[in-house]
Structure formats: C-alpha cells, structure tokens
Amino acid sequence: LFPGCSGLARLWVRDDLTDGLRRARGPLRITEAEVTQLLGIGPLLSRPTAALSGGERQRVAIGRALLSQPELLLMDEPLSALDRISRDEILPWLERLHAALQMPVILVSHDLSEVERLADTLVLMEAGRVRAAGPIAAMQAAPSLPLIHRPDLAAVIEGVVVALDPAYGLSTLQVPGGRIVVPGNLGPIGTRRRLRVPATDVSLGRHAPSDTTILNALPALILGAEAAESYQVTVRLALGASGEGAGRLARVSRRSIDLLG
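Predicted, not measured: the structure shown is a model, and the values here were computed from it.

Reading the values: the criteria
Residues numbered from 1 in each chain as written. Predicted model: local features only at pLDDT ≥ 70, side-chain atom pairs only at ≥ 80, totals over all residues. Heavy atoms only, no water. 1 Å grid on protein atoms, 1.4 Å probe; cavity = no way out; pocket = protein on both sides within 12 Å on 5 of 7 lines; lining within 4 Å. Points joined across faces, edges and corners; volume = space filled by probe spheres on them. Helix = DSSP H or I, 4+ residues; strand = E, 2+ residues; numbered from the N terminus. Nonpolar A, V, L, I, M, F, W, Y, C, P; charged D, E, K, R; others polar. Pairing = 2+ DSSP bridges. Axes fitted to C-alpha atoms, helices over the stretch in contact; angles between N-to-C directions. Buried < 20%, exposed > 50% of the residue type's maximum accessible area, 1.4 Å probe, protein only. Contact = heavy atoms within 4.5 Å.

A. The arrangement of the layout of surface pockets in detail. Put simply, the largest pocket is a space of about 1100 Å³. Taken together, 34 residues form the lining of the largest pocket, with Val202, Ser203, Leu204, Gly205 and Leu218 sitting closest to its centre. Listed by contribution, the elements that provide at least two residues to the lining of the largest pocket are strand 7 (178-183), strand 8 (192-198), strand 9 (220-228), strand 10 (232-239), strand 11 (247-253) and helix 7 (254-260). If you tally residues by element for the lining of the largest pocket, the top one is strand 8, at five residues. When its residues are assigned to classes, the lining of the largest pocket shows 22 nonpolar, seven polar and five charged. Here the second largest pocket defines a volume of roughly 830 Å³. If you go around the second largest pocket, you meet 27 residues; those closest to its centre are Leu107, Val108, Val115, Ala119 and Thr121.

B. Representation of the sheet that holds strand 7. Strand order in the open sheet formed by four strands is 7-6-5-8, with antiparallel pairing between adjacent strands. Bordering the open sheet on either side are strand 7 and strand 8, each of which pairs with just one other strand. Adjacent strand axes in the sheet meet at a mean angle of 45 degrees when their direction is disregarded. Sheet analysis places strand 5 (residues 154-165) next to strand 6 (residues 170-175), joined by five bridges and oriented antiparallel. Among the inter-strand pairings, Leu164 is bridged to a residue of strand 6, identified as Ser171.

C. Expanded view of the environment of Leu44. For Leu44, the position within the fold is in the loop between helix 2 (32-39) and helix 3 (54-67). For Leu44, a relative accessible area of 4% gives the class buried. Sequence separation between Leu44 and Arg59 is 15 residues, and the spatial gap between their C-alpha atoms is 10 Å. Those residues in contact with Leu44 that sit more than four places away from it in its chain are Val13, Leu52, Glu56 and Val60.

D. Region of interest: the sheet that holds strand 10. Taken in spatial order, the three strands line up as 9-10-11 in an open sheet, and their pairing is antiparallel. Edge positions in the sheet fall to strand 9 and strand 11, since each of these pairs with one other strand and no more. Direction aside, the axes of adjacent strands within the sheet are offset by 25 degrees on average. Where strand 10 lies against strand 11, seven bridges are found, and the strand directions are antiparallel. Directly across from Arg236, in strand 11, lies its bridge partner Leu249.

Here is the structure:
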C-alpha cells in the first residue's frame, strides 16, 4: 500500500514487465533480460511504478510492449506528454531501439525533430491521406513538399565514425561524399551515427575557406534552388565535386544568391 493511501496496491516495475510477457501470443523473440539491457531499466525493477519519472515510465511502457512479442511496434506520439528534460532522457534509448531491433516500428509524431532523429522512411500525411512517402533525406529536399519551406529545415546524413580526437573532444565521420568533424566522442570507431545539419548552418562559397574557425569545408554540386520566405532561398546540394555524395540543404539570402551568381 502507498503510505497514507489505504486500499491502493503498489505496482512494481518488475511486475509491470511480467504483465507484458503474460500477454504474449507469438513465439519468444525478445527476453526480459534483453529488454532490460536494451532500455537500461535494470536499476528500476525493484521500484514502484508511481516513483518513476516521465522518461522512466515511457521506457518501462516500451519494455512491457516489447515483451508481449509483437510483430510490429506502433509508437503514437510517445514523447508528446513529456517535458523537455524527460524527452532528452528517453530519446537516446529510442535510438538504441532503432539500431538494435529487427522489428518494424511506426512512429506517429507532429515533431519533425523526433522524426529526423529516429525515422528511416517518412510518410507525410495531410487531411487524413498520404501525400508522399520515401527515405527521409529525399523527402526533406523534395521541392514539391512543404518540408523544404520550413524555417527549421535540415538535412539528415548517415555516417560512420572513422577517427577520434580526445585532445579536442572531436569525432570524424565518413559520410557519402566526404568527412565531417563534429563535437563529442561518438565512437567507438565503426559506430554508425546520424547527423542533423540545419540548413541555416550551411554557408556556400566559390572557394574553400582559409584562416577561419569553420572545421568542415566540403566540395558540393548545386542541384537547384527554391524560393523561401523573407527574401531567402533554399539551395539543394549533393556532396562531392561531381555530386555523388549525400544531399545537403543551405538556407541563404537572395542577396547572396545574386552576388554569387
């Protein structure tokens, strides 16, 4: 019983997970030990569910769902009820699920940053109908879709960690068409990571910059440009001198477009 709440049964996290196993109908695809390790909920097993934070509660709920041995996992706005701290707490665990599970996951979300961080394929819905579907990088850059006009436009790029610089706290990732240096230890070597590059963080120039604080300067081929609001233009790029690499997006002023021709 909860102190001062006579008649209310205390539910423990371990019992909550076991309830998922009791609901299983198919073959055993994932064990309780695997779920516990994957979601990092081992330290929570002996705690009452009422004592969990919002992020911890969501991890336990996902664990219970996985232990029911589903063939597909539907996550309908899983972070919408969480505050920013709880959202930041659970997102890395969702990334681990994305990397480890051999199971289709459908994520329903209105938050594009969640989709960019977690999704491989994006299905864009409008008025209850599918407007478009495809790889997320292609959907972001499609001139006919509204995503390219968003003020928070970004490009998603998959890369592999190829070098670490502990002296400066930097990681180098190999991406299609070049290498990108980013802050933090994203290793070990060989780890696949996803980069989100905001279009407003990309500058364009005719020549590689020198004597600058910019760490990343890569050749790219201009594929096209779309007018944006507030006298801005969205430029679609592909990394590599001949455009054989990953797609990038740059949001620049119309004045810069005119000056550079």
